[in-house]
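Listed here are the chains, written in short residue letters.
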Amino acid sequence: MEFAELIKTPRVDNVVLHRPFYPPVEGTLCLTGHHLILSSRQDNTEELWLLHSNIDAIDKRFVGPLGTIIIKCKDFRIIQLDIPGMEECLNIASSIEISEWRLSYVNKEFAVCPSYPPAVIVPKAVDDEALRKVATFRHGGRFPVLSYYHKKNGMVIMRSGQPLTGTNGRRCKEDEKLINATLRAGKRGYIIDTRPLNVAQQARAKGGGFEQEAHYPQWRRIHKSIERYHILQESLIKLVESCNDQTQNMDRWLSKLEASNWLTHIKEILTTACLAAQCLDREGASILVHGTEGTDSTLQVTSLAQIILEPRSRTIRGFEALIEREWLQAGHPFQQRCAQSAYCNSKQKWEAPVFLLFLDCVWQILRQFPCSFEFNENFLIMLFEHAYASQFGTFLGNNESERCKLKLQQKTMSLWSWVNRPSELSKFTNPLFEANNLVIWPSVAPQSLQLWEGIFLRWNRSSKYLDEAYEEMVNIIEYNKELQAKVNLLRRQLAELETEDGVQESP
Amino acid sequence: MEHIRTTKVEQVKLLDRFSTSNKSLTGTLYLTATHLLFIDAHQKETWILHHHIASVEKLALTTSGCPLVIQCKNFRTVHFIVPRERDCHDIYNSLLQLSKQAKYEDLYAFSYNPKQNDAERLRGWELIDLAEEYKRMGVPNSNWQLSDANRDYKICETYPRELYVPRIASKPIIVGSSKFRSKGRFPVLSYYHQSKEAAICRCSQPLSGFSARCLEDEHLLQAISKANPANRYMYVMDTRPRHRVQSWWATQKDIGRIIVRISSKIWNDEKIRESDEKKRLNAMANRAAGKGYENEDNYSNIRFQFVGIENIHVMRSSLQKLLEVNGTKGLSVNDFYSGLESSGWLRHIKAVMDAAIFLAKAIEAESASVLVHCSDGWDRTSQVCSLGSLLLDPYYRTIRGFMVLIEKDWISFGHKFSERCGHLDGDPKEVSPVFTQFLECVWHLTEQFPQAFEFNEAFLLQIHEHIHSCQFGNFIGNCQKEREELKLKEKTYSLWPFLLDDQKKYLNPLYGSQSQKSAVLEPNTVSFNFKFWRNMYHQFDRTLHPRQSVFNIIMNMNEQNKQLEKDIKDLESQIKQRKNKQTDGILSKELLNSVRPESPALKATLSLKEQALLPVNDVLRTIEGSSPADNRYSEYADEFSKAEPAVVSLEYGVARMTC
């Protein structure tokens, strides 16, 4: 890839350049294939021409909407650029930043890790040979890969399978080197293990385990307890059964709702995701997330953290990309997990509503930030439906490798190609959406979490009045747009008439 | 003020209610004659009205100071830490005195002065006119009349002066019946359904220990049933749970039998019609009660119905439990739901709602009149009558109508607001959240029927605020007689005009769909439709609320739409004027010699005006959750700090390493 292709914002006006012993210069900043140029466009001031290859390190800071980039050069010079607009500043910064990451095709044939896609992003400092070694040290060959890069401070979320330390405390130098490569000098990182400590300890008997402090001194390990498999499946079965019982009295309903533990799972997953997001955004630390395989609770945490942190993942396209990246490419075994739902009696080992729990968590955040998402509840319900039964190929198979073998790309249609048609999109669009670039922190208190009625009570009660109210809301918003447009038009007309008058009245 | 010894304490900490690591704000605490005020370092003010204080507690001294916990009737809970114990003690003592007044005259309403003159104040009190309301319902009419029996509160002290009774019920019958009923609260009209010609009547229980019969009372009941030409059947709804009135039930059954006897004689010829009717009624009753119906007589025209709403003591302790649960720090989902269940709160709310639905159905589907009572007929009876009327009559779902409903079924019929809300230092056993439950039932209805109410949640919360505030005279006292004696209309102000002035805040932007606006509401009371009312019980715990409110946005957009419509009209007329002027201008151009200097503003018009649109949503869409100051990060960190020796504790967005 040429550098020029990385340039998202090639030009920004009103940038102020600060250099020691020089007065500040305000001008236009341009990025070219080789240079960063700042020009005041006046004859008497000199222009700044800086080779990209001269940049040694950069720092970013934000005060309100004003961003500051401090560029430290290889010739020891340090300059400062004040850039109005957060978006512009981030784009400039990410263009000139020296990437510490690379795309690796070590898994091209799905040989290193059967559940990973052919291309993964890993630290530049680690070569493919090392990756192969790390893969043998991680469950299912799932060596740590980049899941999310937090543009604001350059911190990352990585995910992997559990380390295979076993009972005798096996270690892998390459693994340590790989994850250490993501740390800034003197900075600590966090490992979020989605299992409780005792479960992680027991895993050693089966060859699994967790990162020992002695071998990962720069990392702090945090254990959470997100449930898996049959426990989640049973929770779903209980919840659905209880929702279907129309006759039970209040006490029974509440006690069954409690006994299903569904909302407890929601709280636990959201809490862990918030913790991950917090480490990144507030702590300024990179994190590694894993449970056992790294295909279930891990993905819940990494994808929800992105919903919280990354405004783009709250748009329709961004959310689709998130599902594609963090669930489909990341190897969540949809085929196994969604084979049966809440009614089937036959005991299967692999079913679990992992993805539904993730969607429910997104819904909880959507409830709390109803204007921050481009999509509405229907979009989430649609995804739930297609994950379990679909005429499209998107959710078929357990991972990329299987999907390749099944030649799904040639033989089936993609869900996204249908969803993204304007006629369909309109059903999934949130009329209240107003893009906001903020990190959104949800409340995880039990009083703030709710049963997702759109899913669980959908067939148990009439939603006529609620639907009517929603329509009325949409009408008000549409009417507002209409009126705004009309007012603008009339103002323009009036202004034109006024200028005409002015012209006529002038001699 | 003799109770206040310390008026200002500095360096007081206000603890976050739910923080497990004692996150706090530091500021200054002021004590005034009416309020406790805390101003934090960001100049944010927290006002607590003394009358809102339900309890003050001084906890054991800690290293950082003396903790003072204040729980309010509007469910605000504040936890201060006062640096010096002496200051804490002074404030504690002052608050104890100030929050529990011994006499009505010391209540806030008697000193509150919103700068209105006497005429304005009087107009405020006349805003809600109950005679007008009965007229709206269609009484007096050929079957119902205004009785002057209680004009001087001689028959019943806790009823209003003006009462509506069946036209055929003579004064001796009324007097006789009142002697048979507890506190003299004989059966009177609460709501008249004009098109169904059916009535909702209310009374108290018959006096047990009395002779089993009271002919006058039987006559009065019969008169009520006769006052309904559409259906001679009537229901007597005892809102109490059956097991609590076993002994009393026997008496009641006797009256039933007697009336049955009379009526079966009267309507002997209508037997055939009746038996059909009976089947329908039975079916309906079974549907509502989920079990068989008690009255064994096939030709009865009275049906007894127990609906099982618990008494004020059960309700008080239920709320107590609920508040204990949801005030817990680091509450787990399971503890929340098991607490919600064991408090029984939602079960009680459902019971009230079910009773009101039964009442509304009897009138709507059967055109049958219903007599509602509990023990004294001022708590559960008020709940059921008012809620039932609200289901039936869309007027009560408007802002003004709701005020009328409260005036009628609660204030005038003697719901003992001062005792139930503990306005004065009195018997704590008389305090009970009966009216709060009514508001909660209404809130549940607004959730199920988002377009059926003219008002929004804020309106309900505001009313709840003021039943305890004692800032206005409306809810002071326990009955009309007492209010007259207190001369409230001369000495205090009425709440309603102030709410009406602020109407904009309380409007439901979605109100108005025809199907919901005018319909009889038939709520579904399946258990899962009842939810914990977070915005009431955590009204002041902002961190638990959604960070963006759809309701506010739509409300503002609605307002903006009105403004825009006006703008469009203005602009159109301006354009029209301009056009006319232009045509004139062209005609008279030759006559114009002088050159007017071109206004600089004109040039700017094009670019400026387009931006001038109201930036309506900007303020509202500020996202609270995104500011680190009002967020609770400890929640996320709580669990892991338990799981293993704490590694980090993340709070306030600033991490503290505690290893």
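Model, not experiment: these values are computed from the prediction.

Right, let's get into the overall build of chain A. If you tally the helices and strands in chain A, you get 19 helices and 14 strands. Seen along its three principal axes, the alpha-carbon backbone of chain A occupies a region of about 90 × 65 × 45 Å. Considering chain A as a whole, with its 507 residues, one finds that 57% of them fall into the buried category. Counting contacts in chain A only where the partners sit at least 6 residues apart, residues at least 24 apart contribute 67% of the total. Charge centroids of chain A, computed over 59 positive and 61 negative side chains, lie 8 Å from each other.

Take the environment of Val63 of chain A next. All names here are of chain A. As for its position among the elements, Val63 is in strand S5 (residues 55-63). Owing to a relative accessible area of 62%, Val63 belongs among the exposed residues under this scheme. When the C-alpha positions of Val63 and Ile455 are compared, they lie 42 Å apart, and in sequence the two are 392 residues distant.

Turning our attention to the nonpolar core. Counting 210 residues, the largest nonpolar core has Phe319, Leu383 and Phe456 of chain A together with Phe402 of chain B as the members making the most contacts within it. Ranked by the residues each element gives to this core, the list is headed by helix H10 (residues 345-366) of chain B, at 14 residues. The contact partners of Phe319 of chain A, leaving out residues within four places of it in the chain, are Ile307, Arg312, Ser313, Phe358, Leu359, Val362, Phe375, Phe379, Leu380 and Leu383 of chain A. Counting 26 residues, the second largest nonpolar core, distinct from the first, contains Tyr116, Phe143, Met158 and Leu288 of chain A.

All chains considered together, the criterion is met by 57 salt bridges over all chains. Glu424 of chain A is the partner of Lys427 of chain A in a salt bridge, and the nearest nitrogen-oxygen pair spans 2.9 Å. With a gap of three residues between them, Lys427 of chain A and Glu424 of chain A both fall in helix H17 (residues 422-428), about one helical turn apart. According to the relative accessible area criterion, Lys427 of chain A is partly exposed, its value standing at 46%. Residue Glu484 of chain B is joined to Arg161 of chain B by a salt bridge in which the shortest nitrogen-to-oxygen separation is 2.4 Å. Of the two residues, Glu484 of chain B sits in helix H16 (residues 480-485) while Arg161 of chain B sits in the loop between strand S8 (144-147) and strand S9 (163-166), which places them 323 residues apart along the sequence. Here Glu484 of chain B falls in the partly exposed class, since its relative accessible area comes to 38%.

So, on to a nonpolar patch on the surface. All names here are of chain A. Among the surface-exposed residues, Leu103, Tyr105 and Ile121 lie close enough to one another that they form a single nonpolar patch of about 270 Å² accessible area. Relative to the elements of secondary structure, Leu103 occurs in strand S8 (residues 101-104). Here Leu103 falls in the partly exposed class, since its relative accessible area comes to 46%.

What follows concerns the sheet that holds strand S6 (residues 66-72) of chain B. Residue and element names in this part refer to chain B. Pairing in this open sheet of seven strands is antiparallel, and the strands run S4-S3-S2-S1-S7-S6-S5 from one edge to the other. The sheet is open, and its two borders are formed by strand S4 (45-49) and strand S5 (53-58), each paired with just one other strand. Each neighbouring strand pair of the sheet contributes to a mean axis angle of 30 degrees, computed without reference to strand direction. The strands touched by helix H1 (residues 85-99) within the sheet are strand S1 (8-15), strand S2 (24-31), strand S3 (35-40), S5, S6 and strand S7 (77-82), with S5 carrying the most contacts at an inclination of about 155 degrees.

Moving on: the side chain of Ser401 of chain A. Structurally, Ser401 of chain A can be placed in helix H14 (residues 400-405). Beyond its immediate sequence surroundings of up to four residues, Ser401 of chain A is in contact with Phe110 and Pro114 of chain A.

A few words now on the packing of aromatic side chains. Using the criterion set out here, one finds 54 aromatic pairs over all chains in the structure. With centroids separated by 5.4 Å and ring planes inclined at 70 degrees, the aromatic side chains of Phe373 of chain A and Phe375 of chain A adopt a geometry described as edge-to-face. In terms of burial, Phe373 of chain A and Phe375 of chain A fall into one category: buried. Between the aromatic rings of Phe455 of chain B and Phe459 of chain B, the centroid separation amounts to 5.1 Å while the plane-to-plane angle is 40 degrees, which identifies the pairing as tilted. A single burial state applies to Phe455 of chain B and to Phe459 of chain B, both of which are buried. By way of ring pairs, the aromatic residues Phe319, Trp327, Phe334, Phe355, Phe358, Phe373, Phe375, Phe379, Phe395, Trp416 and Phe428 of chain A are connected into one cluster. Cation over ring: Arg76 of chain B sits above Phe540 of chain B, and NZ or CZ is 4.0 Å from the ring centre. One residue, Arg136 of chain B, lies across the ring of Tyr396 of chain B, its end atom 5.3 Å from the ring centre.

What follows covers the pairing of S1 of chain B. Residues and elements named next belong to chain B. Bridge count between S1 and S2: six bridges; the pairing is antiparallel. Paired with Val9 across the strands is Leu29, a residue of S2. Where S1 meets S7, three bridges bridge the pair, whose relative direction is antiparallel. Pairing of Leu14 across the sheet is with Phe80, part of S7.

The next point concerns the confidence of the model for chain B. Per-residue pLDDT for chain B has a mean of 81; in total, 78% of the residues score no lower than 70. Here the predicted complex carries an ipTM of 0.86, next to a pTM of 0.85.

What follows deals with the side chain of Ser115 of chain A. Residue and element names in this part refer to chain A. Within the secondary structure, Ser115 sits in the loop between S8 and strand S9 (120-123). Only 2.7 Å separates the side chain of Ser115 from the side chain of Arg142, close enough to count as a polar contact. With near-sequence residues (within four places) excluded, Ser115 lies in contact with Arg142, Gln329, Ala330, Gly331 and Asn399.

Residues and elements named next belong to chain B. For helix H8 (residues 312-326), spanning 15 residues, the distance from its first C-alpha to its last is 21 Å, which sits close to the expected 21 Å at 1.5 Å a residue. Among the residues of H8, Ile312, Met315, Ser318, Leu319, Leu322, Val325 and Asn326 are the ones counted as buried. One side of H8 holds all its buried residues, which, seen down the axis, span an arc of 150 degrees. Contact partners of the buried residues in H8: helix H9 (333-343), H10, helix H13 (417-420), helix H14 (434-448) and helix H21 (534-537). For H8, the capping residue at the N-terminal end is Asn311, with a side-chain oxygen 3.0 Å from the backbone nitrogen of His313.

Our next topic: the environment of Lys13 of chain B. Residues and elements named next belong to chain B. With respect to the secondary-structure elements, Lys13 resides in strand S1. Between the C-alpha atoms of Lys13 and Ser24, which are eleven residues apart in sequence, the distance is 6.0 Å. Those residues within four positions of Lys13 in sequence are excluded, and the remaining contacts are Ser24, Leu25, Thr26, Ser64, His79, Phe80 and Ile81.

To continue, consider the sheet that holds strand S12 (residues 234-238) of chain B. Residues and elements named next belong to chain B. Pairing is mixed in the open sheet, where five strands are placed in the order S10-S11-S14-S12-S13. Whereas interior strands pair on both sides, the edge strands pair on one side only; in this sheet they are strand S10 (188-193) and strand S13 (302-306). Averaged over all pairs of adjacent strands, the angle between strand axes in this sheet comes to 20 degrees, irrespective of strand direction. Direction of pairing for S10 relative to strand S11 (residues 198-203): antiparallel, over a ladder of five bridges. Paired with Tyr192 across the bridge in S11 is Ala199. Here H10 sits on the sheet and contacts S10, S11, S12, S13 and strand S14 (369-373); the angle it forms with S12, its principal contact strand, is near 175 degrees.

Residues and elements named next belong to chain B. Direction of pairing for S2 relative to S3: antiparallel, over a ladder of five bridges. Within the sheet, the bridge partner assigned to Thr28 lies in S3 and is Ile39. Count of turn residues in the S2/S3 antiparallel hairpin: three residues.

Looking now at the state of the cysteines. A disulfide bridge is the covalent bond that connects two cysteines by way of their sulfur atoms. Enumeration according to the criterion identifies zero disulfides over all chains in this entry. Among the cysteines around Cys274 of chain A, which has no disulfide bond, Cys361 of chain A carries the closest sulfur, lying 9.3 Å off.

Bringing the packing of helix H3 (residues 130-137) of chain B against helix H12 (residues 399-412) of chain B into the picture now. For any two helices packed against each other, the geometry comes down to the angle between their axes and how far apart the axes lie. Residues and elements named next belong to chain B. Between H3 and H12, whose axes approach to 10 Å, the crossing angle comes to 110 degrees. Relative to H12, the element H3 is oriented roughly perpendicular. For H3 against H12, the interelement crossing comes out left-handed. Facing H3, whose interface residues are Leu130, Glu133, Tyr134 and Met137, H12 presents Val404, Glu407, Lys408 and Ser412. The class makeup of the residues in the contact of H3 with H12 is four nonpolar, one polar and three charged.

Next up on the list: the environment of Arg11 of chain A. All names here are of chain A. Tracing the backbone through its elements, the reader meets Arg11 in strand S1 (residues 11-18). For the pair formed by Arg11 and Asn399, sequence separation is 388 residues and the distance between their alpha carbons is 41 Å. Those residues in contact with Arg11 that sit more than four places away from it in its chain are Thr28, Leu29, Cys30 and Arg41.

This paragraph deals with the packing of helix H4 (residues 171-180) of chain B against helix H5 (residues 215-226) of chain B. Residue and element names in this part refer to chain B. Viewed as axis vectors pointing N to C, H4 and H5 meet at an angle of 115 degrees, and their least axial separation amounts to 7 Å. For the element pair H4 / H5, the angle class is roughly perpendicular. Like other packed secondary-structure pairs, H4 and H5 cross with a definite hand, here left-handed. For the pair H4 and H5, the contacting residues are Pro172, Ile173, Gly176, Ser177 and Phe180 in the first and Glu216, Asp217, His219 and Leu220 in the second. Here the contact of H4 with H5 is composed, by residue class, of four nonpolar, three polar and two charged.

Definitions and cut-offs
Residues numbered from 1 in each chain as written. Chains lettered and ligands numbered in written order. Predicted model: local features only at pLDDT ≥ 70, side-chain atom pairs only at ≥ 80, totals over all residues. Heavy atoms only, no water. Helix = DSSP H or I, 4+ residues; strand = E, 2+ residues; numbered from the N terminus. Buried < 20%, exposed > 50% of the residue type's maximum accessible area, 1.4 Å probe, protein only. Contact = heavy atoms within 4.5 Å. Lys, Arg positive; Asp, Glu negative; His and termini not counted. Charge placed at Lys NZ, Arg CZ, Asp CG, Glu CD. Core = buried A, V, L, I, M, F, W, Y, C linked by side-chain atoms within 4.5 Å. Salt bridge = Lys/Arg side-chain N within 4 Å of Asp/Glu carboxyl O. Patch = residues over 30% accessible without salt bridge, like charges linked within 9 Å, V, L, I, M, F, W, Y side chains within 5 Å. Areas by Shrake-Rupley, 256 points an atom, 1.4 Å probe, with all protein chains shown as cover. Pairing = 2+ DSSP bridges. Axes fitted to C-alpha atoms, helices over the stretch in contact; angles between N-to-C directions. Phe/Tyr/Trp six-rings, centres within 6.5 Å; stacked < 30°, edge-to-face > 60°. Lys NZ or Arg CZ within 6 Å of the ring centre and 35° of its normal. pLDDT = per-residue confidence, 0-100. Polar contact = N/O pair within 3.5 Å; in protein donor to acceptor, adjacent residues only side chain to side chain. Expected span 1.5 Å × (residues − 1). Arc of directions from axis to C-beta. Disulfide = S-S within 2.5 Å. Parallel < 35°, antiparallel > 145°, perpendicular 65-115°, else oblique. Left-handed = near helix turned anticlockwise from the far one by under 90°. Nonpolar A, V, L, I, M, F, W, Y, C, P; charged D, E, K, R; others polar.

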